[in-house]
Amino acid sequence: MAKNRHRIARAKFFREISRFWSRSRKALLRVFPFVSRPAVSEEIDDDEDMFEIGREPGQLPVESPFDNLESAQFRVICYDENGYSLEEFTDVDRLAKYAEAEKGIVWVQMMGMKDPQLVHVVGALFNIPMLAQEDVLNVWSRPKFEEYGDDIILAVARAVRLGVEEMQPKGQQISFVAGKNFLISFHEKRELVFESIERRIAENSGKIRKWGSPYLLYTLIDTLVDRILYLTEEIEDAISDLEDETVRAADGDSDGEDIRTIYHLKRLVVRIGRMIYPLRDMVRTFERYDHPLLPPEMDMYFSDLYDHTLRAFDRIEHSRIILQELQDFYHSEHERRTSEIIRFLTVITFMFIPTTFITGFFGMNFTHIPGLESEAGVYVVGGLMALFFIGSVIFFRVKKWF
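Residues numbered from 1 in each chain as written. Predicted model: local features only at pLDDT ≥ 70, side-chain atom pairs only at ≥ 80, totals over all residues. Heavy atoms only, no water.

A. Spatial organisation of the pairing of strand S1 (residues 73–79). Most of S1 sits inside the fold, with seven of its seven residues counted as buried. Burial of the side chains of S1 extends over both faces: Gln-73, Arg-75, Ile-77 and Tyr-79 are buried on one face and Phe-74, Val-76 and Cys-78 on the other. With six bridges connecting them, S1 and strand S2 (residues 84–89) associate as antiparallel partners. Bridge assignment links Val-76 to a residue of S2, and that residue is Glu-87. Between the antiparallel neighbours S1 and S2 lie four residues. (Buried < 20%, exposed > 50% of the residue type's maximum accessible area, 1.4 Å probe, protein only. Helix = DSSP H or I, 4+ residues; strand = E, 2+ residues; numbered from the N terminus. Pairing = 2+ DSSP bridges.)

Listed below in structure tokens is the structure:
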């Protein structure tokens, strides 16, 4: 217990030092210009945080890199085959007692990443390596799996919010750090993503309270994959409806709604694909990896999870191909309609060219024009114009140009 208090106190000390330096760095540099200042080009903005670019490996950022800045809330679930408990709080000091638990499984959900130094405090309590802490706070992390010795494994994934009506899938980055008897999930937002898993633990459903942290890690990642599968199914349904609408409206889409919907769904598919491809590789690593925390009996579960990611991958690839074909079909139909309009206007123009020539010829300001003073001249010219017009119509009909 005393050891954990020392860890918390040390982590809090460095957190306060980092906050103080972040607040007062510019003022100190103005008062003491001789303090070591990076010799950089004047073109570089002075507001650029010198700690964010070129940080040492394992050094945490001073400010949160995530757009959503919500203060941290801890949701701790402790369970074994015989018992279950749930506690929520915001004071990180209360995690110390859970870090020393030797029986059962401790699942800590840290929801909200406003203060990066709280990640360091949690990492100090549970002996999480600094490189793993840095990966948790890396907003550009792609879904991946890494191991740190025989005691710690790290998995980074993304939770997708359901719905295809938005321009892009909403979601958050979630990082999992699993140990022998604990699992910590770092959530970007204060959103209950794993309510169904909590309910299974509370109801002691299936194997979740009989197996250790690897099985809990599997169930959490499986939940994220299921959310993506559900979204891909919605995308496929939306594409099927769009196919029917596009074919039905092939005669004209004056407002261009179909092509806007196609581009919207293509953007959605691309963004979902950027999540699924690395997630598939991560789950495949789980399936084949030999680690003390991943017992052999988990292989069949990770193999099933890999099949789910493959199915999501196939759905996204199929959706991408169909959308590309719909886009090509739409452009082809648009070009065909344009060609039809141009051909029709060309035919009409050609029909009136002879009559326009005759009208212009007899309308010239000359005194002596043959037939100009004849009483039957207007009938002859009119008949000649009608003859040219009828002949043009017959010619185009024979050529099947309209």
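Anyway, onward from the coordinates.
B. Fine view of the pattern of salt bridges. Here the structure, examined in full by the defined rule, presents nine salt bridges. With a shortest N-O distance of 3.3 Å, Asp-135 and Lys-144 are connected by a salt bridge. The exposure class of Asp-135 is buried, given its relative accessible area of 12%. The partner of Arg-343 in a salt bridge is Glu-340, and the shortest N-O contact between them spans 2.9 Å. Residue Arg-343 and its partner Glu-340 are located together in helix H8 (residues 299–362), separated by three residues, close to a single helical turn. Beyond isolated ion pairs, a larger network of salt bridges with shared partners links Arg-75, Glu-88 and Glu-198. (Salt bridge = Lys/Arg side-chain N within 4 Å of Asp/Glu carboxyl O.)

C. View of the nonpolar core. Grouped together as the largest cluster of nonpolar side chains are 59 residues, with contacts concentrated most on Trp-107, Phe-176, Phe-194, Leu-216, Leu-217, Ile-221 and Phe-286. Contributions of two or more residues to this core are made by S1, strand S3 (105–111), strand S5 (152–160), strand S6 (171–178), helix H5 (195–203), helix H6 (213–248), helix H7 (257–288) and H8. If you tally residues by element for this core, the top one is H6, at 14 residues. Beyond its immediate chain neighbours, meaning those up to four positions away, Phe-194 contacts Trp-107, Gln-109, Ile-174, Phe-176, His-187, Leu-220, Thr-223 and Leu-224. Within the second largest apolar cluster, 33 residues are counted, among which are Phe-66, Val-108, Leu-118 and Val-122. (Core = buried A, V, L, I, M, F, W, Y, C linked by side-chain atoms within 4.5 Å. Contact = heavy atoms within 4.5 Å.)

D. Structural view of the sheet that holds S3. Read from one edge to the other, the open sheet built from seven strands follows the order S2-S1-S3-S7-S6-S5-S4, with strand pairing classed as mixed. Two strands bound the open sheet, and with one partner strand each, they are S2 and strand S4 (144–148). With direction set aside, neighbouring strand axes in the sheet form an average angle of 15 degrees. As defined by bridge partners, S3 adjoins strand S7 (residues 182–187) across six bridges and the pair is classed as parallel. By the bridge assignment, Gln-109 is partnered in S7 with Ser-185. (Axes fitted to C-alpha atoms, helices over the stretch in contact; angles between N-to-C directions.)

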